[in-house]
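Given next are the chains, with one letter for each unit.
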Amino acid sequence: MSIPWEETDDYIRSGHENPDKYDKESMRTIDIASAEGIKAVVGCLKRKFKGGKCTVGTQVQSYLCAREKR
């Protein structure tokens, strides 16, 4: 299920994946293109995050675009 776009004062967030699919402890925000204000929220699927490591690799849950860079 795709989640719709949402806007805050700081970011426009694309809703790609339901966050409930991911282990909450694995979620991270990473810079993709910091000069352009683009970040991604990544995480590890539930039951694949063991001992602080993702056994299958992280996936992008959503993208964040800084409003100030628009």
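As shown above, the structure is provided for reference.
Residues numbered from 1 in each chain as written. Predicted model: local features only at pLDDT ≥ 70, side-chain atom pairs only at ≥ 80, totals over all residues. Heavy atoms only, no water.

1. Details of a positive patch on the surface
Positive charge collects at one region of the surface, where Lys 24, Lys 46, Arg 47, Lys 48 and Lys 50 lie side by side. Within the secondary structure, Lys 46 sits in the loop between β4 (38-43) and β5 (49-50). (Patch = residues over 30% accessible without salt bridge, like charges linked within 9 Å, V, L, I, M, F, W, Y side chains within 5 Å. Areas by Shrake-Rupley, 256 points an atom, 1.4 Å probe, with all protein chains shown as cover. Salt bridge = Lys/Arg side-chain N within 4 Å of Asp/Glu carboxyl O. Lys, Arg positive; Asp, Glu negative; His and termini not counted. Charge placed at Lys NZ, Arg CZ, Asp CG, Glu CD. Helix = DSSP H or I, 4+ residues; strand = E, 2+ residues; numbered from the N terminus.)

2. Comments concerning a nonpolar patch on the surface
Nonpolar side chains collect at one region of the surface, where Ile 30, Ile 32, Val 60 and Tyr 63 lie side by side and expose about 310 Å² of accessible area between them. The set of elements that each furnish at least two residues to the nonpolar patch consists of β3 (28-33) and β7 (59-66). Mapped onto the elements, Val 60 comes out in strand β7. The partly exposed category is assigned to Val 60, whose relative accessible area is 32%. (Buried < 20%, exposed > 50% of the residue type's maximum accessible area, 1.4 Å probe, protein only.)

3. Considerations on the pattern of salt bridges
Enumeration over the complete set of coordinates arrives at three salt bridges. Of the charged contacts in the structure, one is a salt bridge between Glu 7 and Arg 67, with a shortest N-O distance of 2.6 Å. One end of the pair, Glu 7, is in strand β1 (residues 6-7); the other, Arg 67, is in the segment after β7, and 60 residues separate them in sequence. Assessed through its relative accessible area of 55%, Glu 7 is described here as exposed. One salt bridge connects Lys 39 with Asp 31, and the closest N-O pair in it is separated by 3.2 Å. According to the relative accessible area criterion, Lys 39 is partly exposed, its value standing at 23%.

4. Description of unusual backbone geometry
Comment: phi is negative for the bulk of residues other than glycine, and the bulk of peptide bonds are trans. Its identity is not glycine, yet Arg 47 carries a phi of approximately 70 degrees, on the positive side. As for its placement among the helices and strands, Arg 47 is situated in the loop between β4 and β5.

5. Regarding the sheet that holds β3
If you walk across this open sheet you meet the five strands as β1-β2-β7-β4-β3, and the pairing is antiparallel. Each edge of the sheet is formed by a strand with only one pairing partner; in this case those strands are β1 and β3. Where strand β2 (residues 11-15) and β7 come together, five bridges link them in antiparallel fashion. Bridge pairing in β7 places Ile 12 opposite Cys 65. (Pairing = 2+ DSSP bridges.)

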